[in-house]
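The lines below spell out each chain.
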Amino acid sequence: MKKSLYIVIVCFTILSLSAKENVNLNQEQNALVYSLPQTELCIEVEIEKITQKTGVYNQYAQRYLATDQIILEDKTTYNLKNIQIGSRVVADANRTYILQLEENILSQICVNSNGILSGINVQNTLENYKIPSTNKIFNEKADEATLLPLGEEYMMAGSNAKLAEGAAKQIYRLRESRVSLLTGDLEKLPSDGKSLSTMLEGLDKMEKQLTELFVGKTKTEVIRKTIFLIPDSINTKQQVLFRLSSQKGLVTSTDLSGKPYFIIFSPEKPILKPADYSLKNNKNLSINTILPALTNLNITDGVKSIYSNNILIPQFGVVIPLSIEELAKQKTKVQIDTTTGRILSIEKTTDKKGK
């Protein structure tokens, strides 16, 4: 079991060395490469896309339907509807360490499937993280192209004015049929409520299609895109997260055609002083954990706040070293939260013969 663990460790070491500089591994010694976690934000931006198209008979809307509430030009607009924020954990390349395992001083050091430290002298639990999709579009079901329910007189006219007149008359017939069904003013009525409902739905759909020929058609879609961002301790001040153009939708942060939306990180300062957790500067004598920083995350359009929440972000926190010598002496069991890097529990055990 231990040999298998070392094979996995060496494979992970090769991958980790490409991400972290100034790390040397002596192949003649057993070594464990482990990383501390960092939070990657998965920011799902929900955008409403509204597409408007003019009706082919819009110039006859006032004459036949007595309305001037029509769409005058084809256009597409985008609006911000909602923002949701999730997170996943990735290994921090800047906090990746090599631990030389000399004389089996610790019986077991555990990492998860991402190489993140998960415990000491405890049973390991491997974890896998799912990456959310980056683009989702939810829209109304497209209307099937249908022929106008007009008689031969109008269909053969070859004139838009005549076709508009026929469509308008058909709208009024449909309205009269609906009123007759609702009032029961028919010689033969549907046998049950379900049949009546189906007939009314059909009449409504047909009237809607004909009315759109005059007033125009509006289609609404909801587009969801996910932005991935790893907060950087250097860039905690206001930075552009994305831009939203009313004509083009979500654009890059450098596209000045869109309105900017900013993200601001405000981490709390650690309470501990360096003297409280300092050890000798020797990586082989300690295993590092994290005291994560409670961070306020705020998204704003520059005028008002769109989203605000407090979350624990490990990369803004303080690295806390644990003495390997003390852990081995008392066979200490340490449970570590792989999402934040903080210690969850410490259980000290001693041999029966000693204290």
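Up top is the structure these notes are about.
Every value quoted in this text rests on a predicted model; they were computed, and no experiment measured them. (Residues numbered from 1 in each chain as written. Predicted model: local features only at pLDDT ≥ 70, side-chain atom pairs only at ≥ 80, totals over all residues. Heavy atoms only, no water.)

What's the story with the packing of aromatic side chains in this structure? I'm lost.
The geometry of an aromatic ring pair is captured by the separation of the ring centres together with the interplanar angle, meaning the angle of the planes. Under the criterion given, the structure shown has five aromatic pairs. A centroid spacing of 5.6 Å and a plane angle of 40° characterise the contact between Tyr34 and Tyr97, whose relative ring orientation is tilted. Here Tyr97 lies in strand E2 (residues 75-100) and Tyr34 lies in strand E1 (residues 31-53), a separation of 63 residues in the sequence. Here Tyr34 and Tyr97 have matching classes, each one buried. Between Tyr57 and Phe214 the ring centres are 5.8 Å apart and the planes differ by 55°, which places this aromatic pair in the tilted class. Of this pair, Tyr57 sits in the loop between E1 and helix H2 (61-65) while Phe214 sits in helix H5 (residues 193-215), and the two are 157 residues apart along the sequence. For Tyr57, a relative accessible area of 6% translates into the label buried. (Phe/Tyr/Trp six-rings, centres within 6.5 Å; stacked < 30°, edge-to-face > 60°. Helix = DSSP H or I, 4+ residues; strand = E, 2+ residues; numbered from the N terminus. Buried < 20%, exposed > 50% of the residue type's maximum accessible area, 1.4 Å probe, protein only.)

Would you explain the pairing of strand E12 (residues 333-336) in this entry?
Two faces make up the sheet, and in a regular strand the side chains alternate between them. The side-chain alternation of E12 yields one buried face, formed by Val334 and Ile336, and one unburied face, formed by Lys333 and Gln335. By the bridge criterion, two bridges tie strand E4 (residues 117-120) to E12 in an arrangement that is antiparallel. Within the sheet, the bridge partner assigned to Ile120 lies in E12 and is Val334. With four bridges connecting them, E12 and strand E13 (residues 343-347) associate as antiparallel partners. Each residue of the ladder has a partner; that of Ile336, found in E13, is Ile343. The turn linking E12 back onto E13 is made up of six residues, and Gly341 within it adopts a positive phi angle of 80°. (Pairing = 2+ DSSP bridges.)

What should I look at first to understand the pattern of salt bridges in this one?
Opposite charge on two side chains makes pairing possible when the charged atoms of those side chains draw close. In this structure the tally under the stated criterion is eleven salt bridges. Put simply, Glu207 and Arg178 hold a salt bridge, and the shortest N to O gap is 2.3 Å. Taken together, the positions of Glu207 in helix H5 and Arg178 in helix H4 (residues 160-183) put the pair 29 residues apart, joining distant regions of the chain. Residue Asp255 pairs with Lys248 through a salt bridge whose shortest N-O separation is 3.2 Å. Given the relative accessible area of 22%, Asp255 is considered partly exposed. (Salt bridge = Lys/Arg side-chain N within 4 Å of Asp/Glu carboxyl O.)

Before we go on, may I ask you to explain unusual backbone geometry in this structure?
Most of the time, phi is negative for any residue but glycine, and the peptide bond is trans. In the Ramachandran plot, Ala66 falls in the positive-phi region, its phi being about 55° despite a non-glycine side chain. Locating Ala66 in the fold gives a position in the loop between H2 and E2. Here Ala66 falls in the exposed class, since its relative accessible area comes to 61%.

Just checking my understanding: could you explain the sheet that holds strand E8 (residues 249-251) for this structure?
Strand-to-strand pairing in sheets goes through backbone hydrogen bonds, with the strands running parallel or antiparallel. On the basis of which strands lie adjacent, the open sheet formed by five strands has the order E8-E7-E9-E10-E11 and antiparallel pairing. For this open sheet the edge positions go to E8 and strand E11 (305-323), each flanked by a neighbour on one side alone. Strand-to-strand twist across the sheet, computed as the mean angle between neighbouring axes with direction ignored, equals 30°. The pairing of strand E10 (residues 286-300) with E11 spans 14 bridges and is classified as antiparallel. Bridge assignment links Ser286 to a residue of E11, and that residue is Ser323. (Axes fitted to C-alpha atoms, helices over the stretch in contact; angles between N-to-C directions.)

Help me out: how do you make sense of the nonpolar core in this one?
Nonpolar side chains tend toward joint burial in soluble globular proteins. In terms of nonpolar packing, the biggest core is built from 22 residues, with Ile43, Leu241, Phe242, Ile263, Phe265, Leu297 and Ile299 touching the most fellow members. Counting only elements with at least two residues in this core, the list comes to E1, E2, strand E6 (217-229), strand E7 (239-245), strand E9 (259-267), E10 and E11. Looking at which element gives the most residues to this core, the answer is E1, with four residues. Excluding residues within four positions of it along the chain, Leu297 makes contact with Leu41, Ile85, Ile263, Ile264, Phe265, Tyr307, Ser308, Asn309 and Ile311. The next biggest cluster of nonpolar side chains, apart from the first, holds 18 residues, and it includes Ala61, Tyr64, Ala168 and Leu200. (Core = buried A, V, L, I, M, F, W, Y, C linked by side-chain atoms within 4.5 Å. Contact = heavy atoms within 4.5 Å.)

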